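Residues per chain, in single letters:
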Amino acid sequence: MKVCVIGLGYIGLPTACLIAGAGHKVVGVDIKTNIINMLNAGRLPFKEKGLDELFNNVKDNMSFKNQPEEADVFLIAVPTPLDKEAKIADLSYVRKACESIKKYVKEDSLVVVESTVPPGTCELIVSSILNNKKLIAHCPERAMPGNTLYEMVYNDRVIGANNDNSKEIAGRLYSSFVKGKIFYTDLKTAEMVKLMENTFRDINIALANEFAQIAEDIGVNIWEAISLANRHPRVNILSPGPGVGGHCLAVDPWFLIENSSKSKMISLAREINDSMPKHVMELVKKIGVPSGETLTVLGVAYKRDVDDTRETPALKFIRIAENEGYNIKIHDPYVKEFEYPILDLKEAVTGSSCIVLLTDHSVFKSIPPDKIACFMKDKNLVDTRNCLDHNLWVNHGFKVKVLGKGDASELKLSKL
Ligand SMILES: NC(=O)c1ccc[n+]([C@@H]2O[C@H](COP(=O)([O-])OP(=O)(O)OC[C@H]3O[C@@H](n4cnc5c(N)ncnc54)[C@H](O)[C@@H]3O)[C@@H](O)[C@H]2O)c1
């Protein structure tokens, strides 16, 4: 098949390479000229495990352009950000992508939407832009940055299709590179499934965050409590932390509820997770660091061992801390571009009164507290991920506060 992939970002580009690797002819399209120039020069615009090698093997089957062209399949993988004011999906990129392919889509061409969209988008918006008579499928992406290629191949996939023809063509395309099982349904169900998956995780994390705050109040170590509760064969509580980030978890729950008035729990979970950066600020104050002091933020990526800072709760924490009069210095060995300067570790801790660990990058575990203590003004550590060896840090003179770890001696049973 000839496949035109619209949007060559974290999802579109690896997908395009896998499709090319399965022997299809791929035309990659992006509106960003720098991305097209880089790819045509044989370079990747971002890093992803295994992508370099795959790209080098398949690039002869691929071409990269600013404009779509006729193809058997059009695969749309453009952004679907959240309109932060209205808390609804911003579908402008999807609309523009559909407009851009409209004149190239033939009667028997399939249009696959991979972008995450609110239920009804494919049936109502995509279909109407494409004059209602086209073959449409929705194949939401479940891959996780850092492990994208493996997951794109081995995860099970859900394909929603608007008729048997769409189902057959989409099935042929995906089964040519997916080794996981493929399940078929209608368009709207596939859209909802993707949103439910991320909403489930967001609510689970909100529950963990609520547990963590209760544990702080009653003097329990939530990390120990969760690991014990998870010994139950049907319980799997996720980890608390400084909030939820990334392209999916902090965004998708809003897409699920934008056309329904029946949700209570989903928006409450969003509220709880969004409030965590403020809670981390309270922990900094509780450890005794007054405003005017410098805080070192360790990690601004939204999750471990990746450079992705989209929707990162770190940004919210930094803004809250600055509003409260703290100076902020940031160290993140993965992140190259951020709204604030990224410093090396020594520079970031020099003159600092408190390290606030927000991302549990593996390399942070080997930071030697004795080597950095001498550069700090005061030795305080707030660990929001239970990432470091706290005894070691205490032994080197640090005062340590861990999110979700209540101090048993401070227990006040106000209701008894
Ligand atoms: N990144 C993830 O981990 C992930 C996981 C699951 C689902 N998704 C979903 O996949 C979709 C794509 O996400 P992403 O992370 O790849 O985004 P991204 O921002 O990395 O890439 C999107 C690309 O689309 C391009 N683009 C925008 N409008 C275009 C147009 N009209 N024509 C051609 N190119 C256009 C942009 O220039 C950009 O390069 C989103 O809906 C996202 O929610 C992402």
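Residues numbered from 1 in each chain as written. Predicted model: local features only at pLDDT ≥ 70, side-chain atom pairs only at ≥ 80, totals over all residues.

(A) Molecular detail of the overall build of the protein chain. Helices and strands together make up the secondary structure of the protein chain, namely 16 helices and 15 strands. At 24 Å, the protein chain has a C-alpha radius of gyration in line with the 22 Å of a compact globule built from 416 residues. Here the C-alpha coordinates of the protein chain stretch approximately 70 × 50 × 40 Å along the principal axes. Counting over 416 residues, the protein chain shows a buried share of 45%. Considering only residue pairs separated by 6 or more positions, the protein chain has 73% of its internal contacts joining residues 24 or more positions apart. (Helix = DSSP H or I, 4+ residues; strand = E, 2+ residues; numbered from the N terminus. Rg over C-alpha atoms; globule rule 2.2 N^0.38 Å. Buried ≥ 20, exposed ≤ 12 C-beta atoms within 10 Å, placed from the backbone. Contact = placed C-beta atoms within 7 Å.)

(B) Examining the pairing of strand β15 (residues 399-402) more closely. Of the pairings in the sheet, the one linking strand β14 (residues 380-383) to β15 comprises four bridges and is parallel in character. Residue pairing across strands places Asp383 opposite Val402, the latter belonging to β15. Following the chain from β14 across helix α16 (residues 390-395) to the adjacent parallel β15, one finds a crossover that is right-handed. (Pairing = 2+ DSSP bridges. Right-handed = clockwise from strand over helix to strand, strands pointing away.)

(C) Representation of the sheet that holds strand β13 (residues 354-357) in the model. In space, the five strands of this open sheet follow the order β12-β11-β13-β14-β15, with parallel pairing throughout. Edge positions in the sheet fall to β12 (327-331) and β15, since each has one partner strand and no second. Ignoring which end each strand starts from, the neighbouring axes of this sheet average 20° apart. When β13 meets β14, the two strands line up parallel, connected through three bridges. Following the sheet pairing, Leu357 is matched in β14 by Asp383. (Axes fitted to C-alpha atoms, helices over the stretch in contact; angles between N-to-C directions.)

(D) Geometry of helix α1 (residues 12-21). Among the 10 residues that make up α1, nine are buried, leaving the element largely enclosed by the rest of the structure. Taken residue by residue, α1 has Gly12, Leu13, Pro14, Thr15, Ala16, Cys17, Leu18, Ile19 and Ala20 as its buried positions. The inward-facing, buried residues of α1 abut β1 (2-6), β2 (25-29), α3 (51-58), β3 (62-65), β4 (73-76) and α6 (148-154). Following α1 by one or two positions, Gly23 has its phi on the positive side, about 100°.

(E) A look at helix α13 (residues 313-323). Taken residue by residue, α13 has Pro313, Ala314, Leu315, Lys316, Phe317, Ile318 and Ala321 as its buried positions. Where the residues of α13 are buried, they touch α12 (276-286), β11 (294-298) and β12. Gly325 lies just past α13 and shows a positive phi near 95°.

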